[in-house]
Amino acid sequence: MTGQKQTQAASDGQSPEDGRSHDLQKALEQRTGLLHELDHRVKNNLQLISSLMLLQARHAHEPAVKTALEAMHERLNAIAVVHRGLFMTEDPGRFDIAAFVRDLAAELAGARPGVRIMLDLEPVAMRTGHAAALALLINELLINALRHAYPEGRQGEVRVKITRSGSEMRIGIADDGVGMANANQEQGFGLSIVDLLSRQLQARVAWEDAHPGVHVAVTLPVEAE
Amino acid sequence: MNAEHPLRVLIVEDEVLLANELEYLVETSGAKPVGHAMTSPEAITLARETRPDLALVDVHLADGPTGVDAAREMTEHCGAIVLFITANLRRLPDDLAGACGVMCKPYSENQIRQALDFIARCMREGRAEGQPPNGLILSDAFARLWRVHHAA
Ligand SMILES: Nc1ncnc2c1ncn2[C@@H]1O[C@H](COP(=O)(O)OP(=O)(O)O)[C@@H](O)[C@H]1O
Ligand SMILES: [Mg+2]
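Residues numbered from 1 in each chain as written. Chains lettered and ligands numbered in written order. Predicted model: local features only at pLDDT ≥ 70, side-chain atom pairs only at ≥ 80, totals over all residues. Heavy atoms only, no water.

Draft legend 1. Main features of the interface of chain A and chain B. Counting residues at the interface gives 22 residues for chain A, matched by 20 residues for chain B. Here chain A and chain B share an interface that buries about 2100 Å² over both sides, 55% of which is from carbon and sulfur atoms. Between the two partners, chain A and chain B, sit two salt bridges. The salt bridge partner of A:R58 is B:E21, with a shortest N-O separation of 2.9 Å. At the surface where chain A touches chain B, the tally comes to nine residue pairs in polar contact (both at pLDDT 80 or more). Listing elements by their share of the side of chain A that touches chain B, those giving two or more residues are α2 (16-59), α3 (63-85) and α4 (97-108) of chain A. Tallying contributions element by element places α2(A) first for the side of chain A that touches chain B, with 13 residues. Within the side of chain A that touches chain B, the residues separate by chemical class into nine nonpolar, seven polar and six charged. (Contact = heavy atoms within 4.5 Å. Buried area = accessible area lost by both parts, 1.4 Å probe. Salt bridge = Lys/Arg side-chain N within 4 Å of Asp/Glu carboxyl O. Polar contact = N/O pair within 3.5 Å; in protein donor to acceptor, adjacent residues only side chain to side chain. Helix = DSSP H or I, 4+ residues; strand = E, 2+ residues; numbered from the N terminus. Nonpolar A, V, L, I, M, F, W, Y, C, P; charged D, E, K, R; others polar.)

Written as structure tokens, this is what we have:
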């Protein structure tokens with residue numbers, strides 16, 4: 001291939017340098033094409049896994065099995081939202097966590113009629129490698145607020161706020177629901193995921209019983225701009 | 001969705017599991033699936049026979065990246081409105097081959113339901129009420145037709 005092109009370039013009256021830069025250009029295009037193909041495959045496969053989980057959830061008879069599958073589907077969905085956002089920004093190595101939260105909130109907005117999700121988001125770019133972990137963490141906290149804070153048709157407002165100061169980002173998730181006082185003391189699977197992920201992200205998770213509701217603040221380091 | 005005239009929907013997707021899931025979503029949002037095609041010739045034949053209101057079309061089909069041409073054909077000769085559902089945004093031409101819009105994979109079931117609802121309403125009323133739902137990107141032509149004003 002390469003040899004052929006070089007002869008061709010030479011017979012076009014171009015210098016060897018032109019031929020080389022043409023080859024480099026070609027190689028780069030091929031690389032970009034492969035990357036796009038890979039991106040496409042990943043997105044398609046995420047869609048497949050998501051559909052499989054929903055299919056099995058619908059087939060399940062036991063409520064516990066159904067619930068577990070649906071929760072896993074929600075988690076996968078959070079990762080899928082991350083992937084939807086990748087390659088949309090100019091720098092594929094960076095990821096805007098505010099854009100992610102907007103997309104996720106739009107997704108969850110219809111889930112609980114009577115509960116609004118209010119957003120106050122400063123754009124914060126983080127390393128793409130951390131995106132899935134932070135997305136999963138935010139997903140658990142936001143879904144917990146929607147699921148547990150407003151039993152029996154209670155109404156209210158969940159506020160998600162992202163701010164950045166220096167090398168730290170703060171994500172606040174605040175509901176005005178029933179609070180954690182009567183929660184079963186046992187930590188569920190969701191909160192143990194929050195624990196694990198916060199270790200990975202070097203994040204601090206602070207809980208406050210705010211009467212009314214629960215305020216959670218996640219603080220984590222991000223690289224300076 | 002209108003119970004008397006449910007939106008008739010053709011699904012063009014080579015992954016059978018995804019097609020199955022879409023069919024379920026179409027049904028449970030009050031629309032009516034009228035068929036499923038995995039290749040572009042199949043899609044065009046089915047579109048001619050069933051005259052769907054809406055065709056959900058993936059770009060990559062069992063016979064290659066033929067979804068775009070199939071979409072154009074179905075739009076121009078089969079009276080269908082096409083909505084692309086694809087992870088292949090880059091393969092779409094600027095005019096979206098005459099399609100009304102595109103949804104990106106990975107989509108969520110919520111997004112599909114809301115998009116179906118929005119499009120059904122636009123087709124019924126001839127214009128949109130408010131902005132398209134999260135995840136639905138309208139083509140310029142259909143944004144004009146349905147009088148959707150681009151949010152700042
Ligand atoms: N925002 C909240 N408001 C009230 N209760 C909450 C809230 N978040 C979590 N909880 C309580 O903490 C428990 C543990 O949560 P989690 O570990 O995510 O498990 P799960 O959501 O599966 O029950 C929940 O069952 C609920 O009782
Ligand atoms: Mg939970």
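Moving on from the coordinates now.
Draft legend 2. The arrangement of the side chain of A:N77 in detail. When you line up the elements, A:N77 lands in helix α3. Among the residues examined, A:N77 registers a relative accessible area of 11% and is labelled buried. Excluding its chain neighbours within four sequence positions, the residues that come into contact with A:N77 are A:E107 and B:S108. (Buried < 20%, exposed > 50% of the residue type's maximum accessible area, 1.4 Å probe, protein only.)

Draft legend 3. Just the site of ligand 1, in detail. All names here are of chain A. Surveying the vicinity of ligand 1 reveals 14 residues, the closest of which are N144, H148, D175, M180 and L191. G188 has a polar backbone atom sitting 3.1 Å from an oxygen atom of ligand 1. The backbone of L191 places a nitrogen or oxygen atom 2.8 Å from an oxygen atom of ligand 1. Relative to its unbound accessible area of 540 Å², ligand 1 is 82% covered by the protein chains. Within the residue set of the shell around ligand 1, elements represented by two or more residues are α5 (128-148) and α6 (189-201). Taken together, the residues of the shell around ligand 1 sort by class into seven nonpolar, six polar and one charged. (Near = heavy atom within 4 Å. Areas by Shrake-Rupley, 256 points an atom, 1.4 Å probe, with all protein chains shown as cover.)

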